[in-house]
Structure formats: structure tokens, C-alpha cells
Amino acid sequence: MNSRERILGRVRRALADVPRDDTPYERAVPRDYVREHGDRSAEQTVELLAENLADYRALVHRTDAGGLAALIAGLLDKRGATSVLVPPGLDEAWLGATGVTRVADRAESTPGELDRVDSVVTACAVAIAETGTLVLDGSPDQGRRRITLVPDHHICVVRVPDQVVSSVPQGLERLDPARPLTWISGPSATSDIELDRVEGVHGPRTLEVVLVRQGRIEST
């Protein structure tokens, strides 16, 4: 008997006295928790996202689709970046205004090679306003998880208002749990026993979030 069979056997024994017509698990526990806190317009939700991102020490920028390439080029230039990691499905127009060397997201790239890249630019799957969280799901415009963990500078583009939700429950509804989800709340940071903050320990030291306005955002 292997470990899997042993564990499943224990589960079966634990459930032996449960009636077959018992209430299914998904209905056994009431889930009447609040789905979002407050009644915000789309504009207010985007503002809350920006506020919480900044509170986590992310650098927040705003532009429209027409100004995105120039903004990204300016951020890379200000950083002094000479190379930028690019997911395979990233919109080529986003980097059209920069002459920085583009590095492809390759399966065979070593951690050392990724560490030598100055910056990475990605899109995101969803942004959660109440927690100031960006979620990447490994889609073609976001690339492999490691490309946003090894380079020291990450520029993440969020389309607003379409990719912004108020709460975690609303965000989960948009995500596929079978995909490799990376949840990002600010730049990588940790604190030692004396609460001295150290950034860049297990992810990028600098996170820059670009909120790209697409169309009109309703406000109240």
C-alpha cells in the first residue's frame, strides 16, 4: 500500500457514517459574507486601487492607450534599463517607442540569465482594488511566473476599468484556478525580527503599475 492509498483509505473511513443524501459540501456552509465593502462607481474603484497600490509602495502611473508606449519608454529610460524581458503575447506597440534590447521569455532561460535582465513588462489578468493586488495567470501577455520574480524591476500594465474589480471574491470569479496564479501586492519585501524592511528579497525591488484608461469610466 502506497501513501496515496493509505490517505484515501483514511478519508473513506472518516466518511463511512455520512449519509449518501447528506447536504453537499458546497451547500453545507452558508457563504453569505459581504462581496464588496461599500457601493463604489467604476471611477471610485480605480481610485481605490491606485491608493492601495501606492500604500504598498508601488509606483502608479496613468495614461491612455495612445500614450502607453511613450510612458513605458520613459520608465525604462529613467531606470537606466538596457534590456527588458518581454512575454510572447505582449502587444508589440507597448514597446514601440523604446530602443532597449528585448529579451524573449524562454523555457531554457536560467535564473542567472533572468537576473541579468534589467526590467520586465507584462500585462495582468485582474486587479483587486480593496487589497491593492495584481493577479497574473501566465497568459501569453504575462509570461512565465519566474520572469516577474527574478528581474529587479517590473512594469505591469492594467487596463482600466475593465480589469479592475472591487474585491477578492469578484477577482476569483474571473480567474481559472487551474492556471499558475501569481498574486502581487506591492514590490517584494520582508522584515526581520527588528522590523527593518528589506525589499527585493523574493521578487522585484521596484514595481511600477501603469493604469491605462480605455474608453470612458463611469462616475457618480
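Above this text is the structure in question.
Remember, predicted model here, so these are calculated numbers, not experimental data. (Residues numbered from 1 in each chain as written. Predicted model: local features only at pLDDT ≥ 70, side-chain atom pairs only at ≥ 80, totals over all residues. Heavy atoms only, no water.)

Peer 1: Break down the overall build of the protein chain for me, citing the residues and quoting the values.
Peer 2: Within the protein chain, the secondary structure is distributed over six helices and 12 strands. Principal-axis analysis of the C-alpha atoms places the extent of the protein chain at approximately 65 × 50 × 40 Å. Taken over 220 residues, the protein chain has a buried fraction of 40%. For the protein chain, long-range pairs separated by at least 24 residues make up 72% of all intrachain contacts whose partners lie at least 6 apart in sequence. Here the protein chain has roughly 12800 Å² of accessible surface; of this, 50% comes from carbon and sulfur atoms. Charge separation in the protein chain, taken as the distance between the mean sites of 27 positive and 34 negative side-chain charges, equals 6 Å. (Helix = DSSP H or I, 4+ residues; strand = E, 2+ residues; numbered from the N terminus. Buried < 20%, exposed > 50% of the residue type's maximum accessible area, 1.4 Å probe, protein only. Contact = heavy atoms within 4.5 Å. Areas by Shrake-Rupley, 256 points an atom, 1.4 Å probe, with all protein chains shown as cover. Lys, Arg positive; Asp, Glu negative; His and termini not counted. Charge placed at Lys NZ, Arg CZ, Asp CG, Glu CD.)

Peer 1: Residues and numbers for a positive patch on the surface, please.
Peer 2: Taken together, the side chains of Arg4, Arg6, Arg10, Arg12 and Arg13 present a region of like positive charge at the surface. Relative to the helices and strands, Arg4 is located in helix H1 (residues 3–14). (Patch = residues over 30% accessible without salt bridge, like charges linked within 9 Å, V, L, I, M, F, W, Y side chains within 5 Å. Salt bridge = Lys/Arg side-chain N within 4 Å of Asp/Glu carboxyl O.)

Peer 1: Explain the environment of Leu76 to me, and be specific about the residues and the numbers.
Peer 2: Relative to the assigned elements, Leu76 resides in helix H4 (residues 68–79). Since its relative accessible area comes to 0%, Leu76 is described here as buried. Separated by 24 residues in the primary sequence, Leu76 and Val100 place their C-alpha atoms 7.9 Å from one another. What Leu76 contacts, discounting residues up to four positions off in sequence, is Ala81, Val84, Leu95, Thr98, Val100, Ser119 and Ile155.

Peer 1: I'd love a proper account of H4, names of residues and values included.
Peer 2: Spanning 12 residues, H4 covers 17 Å between terminal C-alpha atoms, matching the ideal 16 Å at 1.5 Å per step. Here H4 has its buried residues at Leu68, Ala69, Ile72, Ala73, Leu75 and Leu76. Looking straight down H4, one finds its buried side chains confined to an arc of 160°; they lie on one side. Along H4, exposed side chains directed more than 90 degrees from the buried face belong to Ala70, Asp77 and Lys78. (Expected span 1.5 Å × (residues − 1). Arc of directions from axis to C-beta.)

Peer 1: Which residues make up the state of the cysteines, and what values go with them?
Peer 2: Scanning the entire structure with this criterion turns up zero disulfides. For Cys124, which is in no disulfide, the shortest distance to another cysteine sulfur is to Cys156 and amounts to 4.6 Å. (Disulfide = S-S within 2.5 Å.)

Peer 1: Which residues make up a nonpolar patch on the surface, and what values go with them?
Peer 2: Residues Ile7, Val11, Leu15 and Val18 make up a contiguous nonpolar surface patch of about 330 Å² in total accessible area. Relative to the elements of secondary structure, Ile7 occurs in helix H1.

Peer 1: How would you summarise the sheet that holds strand E5 (residues 126–128) if you had to cite specific residues and measurements?
Peer 2: Spatial ordering of the open sheet is given by E8-E5-E6-E9, a layout of four strands whose pairing is mixed. A single partner strand is all that each edge strand has here, and the edge strands are strand E8 (164–165) and strand E9 (182–184). Here E5 pairs with E8 via two bridges, running parallel. Looking at the pairing, Ile128 lines up with Val165 of E8. (Pairing = 2+ DSSP bridges.)

Peer 1: Give me the lowdown on the side chain of Thr133, citing residues and values where you can.
Peer 2: As for its position among the elements, Thr133 is in strand E6 (residues 133–136). Classification of Thr133 as buried rests on a relative accessible area of 5%. Reaching out from Thr133, the side chain makes a polar contact with the side chain of Thr131 at a distance of 2.8 Å. Within the structure, Thr133 has its side chain in polar contact with the side chain of Ser185 (distance 2.7 Å). (Polar contact = N/O pair within 3.5 Å; in protein donor to acceptor, adjacent residues only side chain to side chain.)

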